[in-house]
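These are the residues of each chain, in order.
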Amino acid sequence: MSLRLAIVLLGGLAGAASAFPVLVGLGADASTVETESLAPAPAVVTARAVSTAAAPVAVEPEKTKPEPEPEPEPEPKPEPEAPEEETEDDGNESWVGPPDAIPDCEAKLEAAGVEFKPSRIPLHKTRSGIYCGAEQIVRYRRGPGAIGWGGSPQVTCPVALALAKLEGIVQEEAERHLGRKVRRIQHMGTYNCREMANYPGWVSEHSYANAIDIKHFELAGGKKIPVLGVYPRDGAEPKNDSQRFLKAVARRLFDERVFSVVLTPSFDAAHRNHFHLDMARYIVDGT
């Protein structure tokens, strides 16, 4: 080895030796720095925590389906109207009593072609507590249909007017179904002061002479058509001319409101042998 090379080597070793403490110190510091850098600084952690919690994340809004339009609310149903109070013109009242007087009733009977005689059944109260009798009572002698009645029925003026209409209907239906007219009608009575047989507490229209019961019709030539055993009961279809005649008469008397109550054998057993016809304030179709 040459002298120059030895000097150089010695000089390098000396420099390294003099520098060693520094390198050691630097190394200690460096390890310390390295250790500190691995432990997260509070400030940095705090910053990261804040930034994580507070920083808004840009999220693309979800695409939502458009909400359906609300269905229109149903229109409110109209409140039901209060029923009107019954009046005498309603045709179906729920009380019984003597019929009201008809202005100029006798003049109307004359205009309808009715032969009659004024009569009286004074309005009175019985011991049982019911009222009987009525105003405007007449004896019905003969009507426009030229039909005899087996005596002169004592009835209210409204019933007398109805009997005039009945005669027209009877003659029309007799000619249509039987080929001849009716000459006589047999009735079973008009005035009878009592309650209804099947409805205790209800006063019969017979109590006011405001009803009539018809037993049979007698044709020109003498043939009789009784209600008993001939009228088609319980809605049965008529099977012969006599049944068709009786059914047609009963239906028209009710449908045309000649009488407000028409009861036949189809109504109940109490009427198995006659037509009950009256001018009550209520309406009953018993055909």
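Residues numbered from 1 in each chain as written. Predicted model: local features only at pLDDT ≥ 70, side-chain atom pairs only at ≥ 80, totals over all residues. Heavy atoms only, no water.

Undergrad: What's the story with unusual backbone geometry in this structure? I'm lost.
TA: Both trends apply: most residues other than glycine have a negative phi, and most peptide bonds are in trans. Residue Asp104 is not a glycine yet carries a positive backbone phi of 55°. Tracing the backbone shows Asp104 in the loop between helix H2 (42–54) and helix H3 (105–111). (Helix = DSSP H or I, 4+ residues; strand = E, 2+ residues; numbered from the N terminus.)

Undergrad: Would you explain the state of the cysteines in this entry?
TA: Formally, a disulfide is one covalent bond, and it connects the sulfur atom of one cysteine to the sulfur atom of another. Summed over the entire model, instances satisfying the criterion amount to two disulfides. Disulfide partner of Cys105: Cys157, at an S-S distance of 1.7 Å. The S-S bond linking Cys105 to Cys157 shows a torsion near -105°; that makes this disulfide left-handed. In this pair, Cys105 is assigned in helix H3 and Cys157 in helix H4 (residues 157–178), connecting sequence segments 52 residues apart. Just as Cys105 is buried, Cys157 falls in that class too. Disulfide pairing places Cys132 opposite Cys193 at an S-S distance of 1.7 Å. Between Cys132 and Cys193, the disulfide has an S-S torsion of 70° and is therefore right-handed. Taken together, the residues Cys132 in strand S2 (residues 131–142) and Cys193 in the loop between strand S4 (182–189) and strand S5 (211–219) connect sequence positions 61 residues apart. Since its relative accessible area comes to 26%, Cys193 is described here as partly exposed. (Disulfide = S-S within 2.5 Å. Buried < 20%, exposed > 50% of the residue type's maximum accessible area, 1.4 Å probe, protein only.)

Undergrad: I'm lost on a nonpolar patch on the surface in this one. Help?
TA: Residues Tyr199, Trp202 and Phe267 make up a contiguous nonpolar surface patch of roughly 300 Å² in combined accessible area. Note that Tyr199 resides in the loop between S4 and S5. Judged by relative accessible area, which is 43%, Tyr199 ranks as partly exposed. (Patch = residues over 30% accessible without salt bridge, like charges linked within 9 Å, V, L, I, M, F, W, Y side chains within 5 Å. Areas by Shrake-Rupley, 256 points an atom, 1.4 Å probe, with all protein chains shown as cover. Salt bridge = Lys/Arg side-chain N within 4 Å of Asp/Glu carboxyl O.)

Undergrad: Whenever I open this one, the packing of H4 against helix H5 (residues 241–255) confuses me. Can you help?
TA: Packed helix pairs are specified by the crossing angle of their axes together with the interaxial distance, meaning the distance between the axes. Between H4 and H5, the shortest axis-to-axis distance is 9 Å and the interhelical angle comes to 150°. Taken together, the axes of H4 and H5 are roughly antiparallel relative to one another. Here H4 runs over H5; the crossing is right-handed. In this structure, H4 uses Leu166, Ile169, Val170, Glu172, Glu173, Ala174, Arg176, His177 and Leu178 to contact H5, whose residues at the interface are Asp241, Ser242, Arg244, Phe245, Ala248, Val249, Arg252 and Leu253. Residues that form the contact of H4 with H5 fall into these classes: nine nonpolar, two polar and six charged. (Axes fitted to C-alpha atoms, helices over the stretch in contact; angles between N-to-C directions. Parallel < 35°, antiparallel > 145°, perpendicular 65-115°, else oblique. Left-handed = near helix turned anticlockwise from the far one by under 90°. Contact = heavy atoms within 4.5 Å. Nonpolar A, V, L, I, M, F, W, Y, C, P; charged D, E, K, R; others polar.)

Undergrad: Looking at this model, I keep getting lost on the packing of aromatic side chains. Mind explaining?
TA: In this description, an aromatic ring pair is defined by two values, namely the gap between the centres and the angle between the planes. All told, the structure shown has five aromatic pairs when counted by the stated rule. A network of ring pairs unites the aromatic residues Phe217, Tyr231, Phe245 and Phe275 as a single cluster. Its guanidinium or amino end placed over the ring of Phe254, Arg257 lies 4.4 Å from that ring's centre, counting from NZ or CZ. (Phe/Tyr/Trp six-rings, centres within 6.5 Å; stacked < 30°, edge-to-face > 60°. Lys NZ or Arg CZ within 6 Å of the ring centre and 35° of its normal.)

The values are spatial; any link to function lies outside them.
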